Amino acid sequence: GQSGPDHVFRRLDAFRDEYELLPDDELWLMLDTDHWTEPNHVANFGRVCREASQKGYQLAHSNPCFEVWLLLHVFPLDAATQFTRCAEVVIRLREILGEYSKRTIDARHFPAESVRDAIAQAEALDTNPDDRWPQATGTHVYKVVRKLL
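What counts, and where the lines are drawn
Residues numbered from 1 in each chain as written. Predicted model: local features only at pLDDT ≥ 70, side-chain atom pairs only at ≥ 80, totals over all residues. Heavy atoms only, no water. Disulfide = S-S within 2.5 Å. Helix = DSSP H or I, 4+ residues; strand = E, 2+ residues; numbered from the N terminus. Buried < 20%, exposed > 50% of the residue type's maximum accessible area, 1.4 Å probe, protein only. Lys, Arg positive; Asp, Glu negative; His and termini not counted. Salt bridge = Lys/Arg side-chain N within 4 Å of Asp/Glu carboxyl O. Contact = heavy atoms within 4.5 Å. Core = buried A, V, L, I, M, F, W, Y, C linked by side-chain atoms within 4.5 Å. Axes fitted to C-alpha atoms, helices over the stretch in contact; angles between N-to-C directions. Parallel < 35°, antiparallel > 145°, perpendicular 65-115°, else oblique. Left-handed = near helix turned anticlockwise from the far one by under 90°. Patch = residues over 30% accessible without salt bridge, like charges linked within 9 Å, V, L, I, M, F, W, Y side chains within 5 Å. Areas by Shrake-Rupley, 256 points an atom, 1.4 Å probe, with all protein chains shown as cover.

Focus: the state of the cysteines
Then step 1. For the structure on display, the rule yields one disulfide.
Then step 2. As a non-bridged cysteine, cysteine 49 has cysteine 65 as the owner of its nearest cysteine sulfur, 16 Å distant.

Side note on the side chain of aspartate 126
Then step 1. With respect to the helices and strands, the residue aspartate 126 is situated in the loop between α5 (115-125) and β4 (138-139).
Then step 2. No salt bridge is formed by the buried aspartate 126; the nearest opposite charge belongs to lysine 143, separated by 4.4 Å.
Then step 3. In contact with aspartate 126, not counting residues within four places along its chain, are His140, Tyr142 and Lys143.

Thoughts on the nonpolar core
Then step 1. By size, the foremost hydrophobic cluster in this structure holds 23 residues, and its most contacted members are Trp69, Leu72, Leu77 and Leu93.
Then step 2. When contributions to this core are tallied by element, the ones reaching two or more residues are α3 (67-74), α4 (86-97), α5 and α6 (141-148).
Then step 3. Apart from residues lying up to four places away in sequence, leucine 77 is in contact with Val68, Leu71, Leu72, Phe83, Gln121 and Leu125.

Some points on the packing of α5 against α6
Then step 1. With their axes 9 Å apart at the nearest point, α5 and α6 run at an angle of 135 degrees to one another. Considering the angle they form, α5 stands oblique to α6. Relative to α6, α5 is oriented so that their crossing is left-handed. In this structure, α5 uses Val115, Ile119, Ala122 and Glu123 to contact α6, whose residues at the interface are Tyr142, Val145 and Arg146.

Let's talk about a nonpolar patch on the surface
Then step 1. There is a patch of nonpolar side chains on the surface, built from Phe15, Tyr19 and Leu21 and spanning about 260 Å² of accessible area.
Then step 2. Locating leucine 21 in the fold gives a position in the loop between α1 (5-18) and β1 (28-29).

Spelled out as structure tokens, the structure:
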């Protein structure tokens, strides 16, 4: 119940205020576009992204959800593969892995050896990397992970 863009943005602000960050520390706002980019929510989603950018936060959103990033570890996606709902991505993960739960992600399904391939696939899907969020199925999580590597 606290995963909406405003809630996540406020938690990121609270984190920034609570901890003494170093000048080279980065804060990333990571959201699922899910239904937040539909006509009745997109203005608010865009506002949150704009305000986050103005505060110097980096953006790493997934369309439709974070599970796209996980799927890229185990299944090749191309521009022709489009998911409009997170439930579709979760179904595909379950088909491939035999199981999948958002609450208890089994890291064994997503080995470290698959990270570089997932980054490469996500980057290839990202035809407009400067957009605030992927306009088609994709994820900007690769931007965070690439920095961490």
